[in-house]
Amino acid sequence: MLDQIAAEGIRFEAAYAQAPWTRPSVASLFTGLYPASHDVITQYQRMGSDLPTISTMLKSRGYRTACFSANPQVSPAFGFHRGYDQFWNSYSSLAETTAVWALRHKVAAVAFDLFPSLLGRVREAQAGVPGTDAASVNHAISTWLDREDAEELKEQPLFLYVQYLDPHDPYHAPDTPAHIEHLDEAFLHAPQSLPPHPLKGSSLPPVDDDTLAKLKAAYDREIRFVDARLGEMLEDLRTRGLYQEGDYLIVTSDHGEEFYDHDQWLHGRSLYEEMVRIPLLIHGPSVPVGKVIDAPVELTDMVETIAGMTGRKAGFPTHGMDLFPLMVGKANGNNELAYSHRPNEAHPIYMLRAGSHKLLQFGNAVEGGEEPLRLAFDLTTDPNELSPLPDAGGEEWERLHELLTKFMDEEADLKRSGSTSVDLTSGVKSDLSDLGYVDGVAPPPPPSD
Ligand SMILES: [Zn+2]
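Every value quoted in this text rests on a predicted model; they were computed, and no experiment measured them.

## So, the sheet that holds strand β1 (residues 10-12)
Inference 1: Here four strands make up an open sheet; going across it, the order is β7-β11-β1-β12 and the pairing mixed. At either end of the open sheet lies a strand with only one pairing partner, and these are β7 (249-252) and β12 (291-293). Neighbour-to-neighbour, the strand axes of the sheet open up by a mean angle of 15°, direction not taken into account.
Inference 2: Where β1 meets β12, three bridges bridge the pair, whose relative direction is parallel. Counted as the bridge partner of R11 is V292 from β12.

## Side note on the sheet that holds strand β6 (residues 158-163)
Hydrogen bonding along the main chain pairs the strands of a sheet, whether they run parallel or antiparallel.
Inference 1: With parallel pairing, three strands are arranged side by side in an open sheet as β5-β4-β6. Pairing within the sheet leaves two strands with one partner each, and these edge strands are β5 (86-89) and β6. In this sheet, adjacent strand axes meet at a mean angle of 5° when their direction is disregarded.

## Notes on the packing of helix α9 (residues 134-147) against helix α11 (residues 209-239)
Inference 1: Where α9 contacts α11, the axes come no closer than 9 Å and their chain directions differ by 10°. In this view, α9 runs roughly parallel relative to α11, as classed from their interaxial angle. In contact with A134, A135, N138, I141 and S142 of α9, α11 contributes F225, V226, R229, E232, M233 and D236.
Inference 2: When the residues that make up the contact of α9 with α11 are grouped by side-chain class, the tally is six nonpolar, two polar and three charged.

## Considering unusual backbone geometry
Inference 1: Cis geometry marks the peptide bond from D169 to P170, where omega comes out at 0°.
Inference 2: Looking at where P170 falls in the secondary structure, it is placed in the loop between β6 and α11.
Inference 3: The amide bond that connects H197 to the next residue, P198, takes the cis arrangement and shows omega of 10°.
Inference 4: Within the secondary structure, P198 is located in the loop between β6 and α11.
Inference 5: Of note in this structure, Y260 is not a glycine but carries a positive phi near 65°.

## Overview of the nonpolar core
Inference 1: Counting 82 residues, the largest nonpolar core has M351 and L352 as the members making the most contacts within it.
Inference 2: Residues in contact with L352, not counting those within four places in the same chain, are L337, Y339, K358, L359, L400, L403, L404 and F407.

Basis of the calculations
Residues numbered from 1 in each chain as written. Predicted model: local features only at pLDDT ≥ 70, side-chain atom pairs only at ≥ 80, totals over all residues. Pairing = 2+ DSSP bridges. Helix = DSSP H or I, 4+ residues; strand = E, 2+ residues; numbered from the N terminus. Axes fitted to C-alpha atoms, helices over the stretch in contact; angles between N-to-C directions. Parallel < 35°, antiparallel > 145°, perpendicular 65-115°, else oblique. Contact = placed C-beta atoms within 7 Å. Nonpolar A, V, L, I, M, F, W, Y, C, P; charged D, E, K, R; others polar. Core = buried A, V, L, I, M, F, W, Y, C linked by C-beta atoms within 7 Å. Buried ≥ 20, exposed ≤ 12 C-beta atoms within 10 Å, placed from the backbone.

Shown next, in the form of structure tokens:
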């Protein structure tokens, strides 16, 4: 399906997520702001209630707005529901209705003795996170559409945001054939508080080639699974007359996963290409067919790009720009630059992509202190970022450094206060930890006195 969308629309070869994990990255997508600006950067922060987003913008322009999210990071608990007439989150419904779910959380471990057959179902559930797969998301969308008045739906423009979760840790596609053994992936999980690669102490234990191949194959199966479900969802919308000629489709992602590309696992730890260079496909009216664009673009560009699809500017400040002029080949001041930020108290990372060059900065510059480590790569000759360019202090190096500083300043300048802190209930915490979140990102300890 993704190949077909790319063939019929535009594929961006160098689209970047603004953060390496879901909550800050989707907040950047929704608000058009860099992470420190929207300030949803720890496990304990909820998006400010006055921040304009894609959904609040479209709702105010007469759209019916709906969000279906399989990821607990994109949920009302963290303020992502604003502007949506309809918001579905797999966890909220599951927690109440699924017995397997309760068992998974060991609430009723004693039931294993009484109903031994349940143990098998629990093992099954542990292979993935139940109810979060793309087929369940599609089912929730169809159920909602069945409930709504079909004619009314067709009359009002619709904005539908779907957050699938399948190509994500844990790596298990629900349609995996029974003969394929599930790996216990516990060994992949290490605290996010570890220093990032290549700082000292960053390397996590490697695995043998066979295990690595199995992990990658499992991830590939998740991608194929979500690809097929995406096709089914679009077909369902088409049959209902809700996706037709004249409608736009955008497919993108919030972060990647790393498979020991830089001595680490999962996501959230780095800003290397495997983590932040994401797919971005756009299809619809006036979008050229089969075009590939190499210029770096950002998730933060989506607010203005979607605003442009409604014929007007967003009308609120963002860090992004409308990609339409770039898509149709007119210069729009796209500067071939992209910026990402791993917000982390102990080990922040900053990334700048400029043309084919990329600069990473590990940590903050401290007045009078040692300069933070900076690595530059030429992605044309070194696409896997294995051989940093020598720090010759040459002109290009200076330019990259200046540009990165400029982006960091812009991120600070557009800072919107108003994110609030969240009390993670044990239920949400447990949901998040199933996905490898909640570790090493606890709030700072209280003063010792
Ligand atoms: Zn994620």
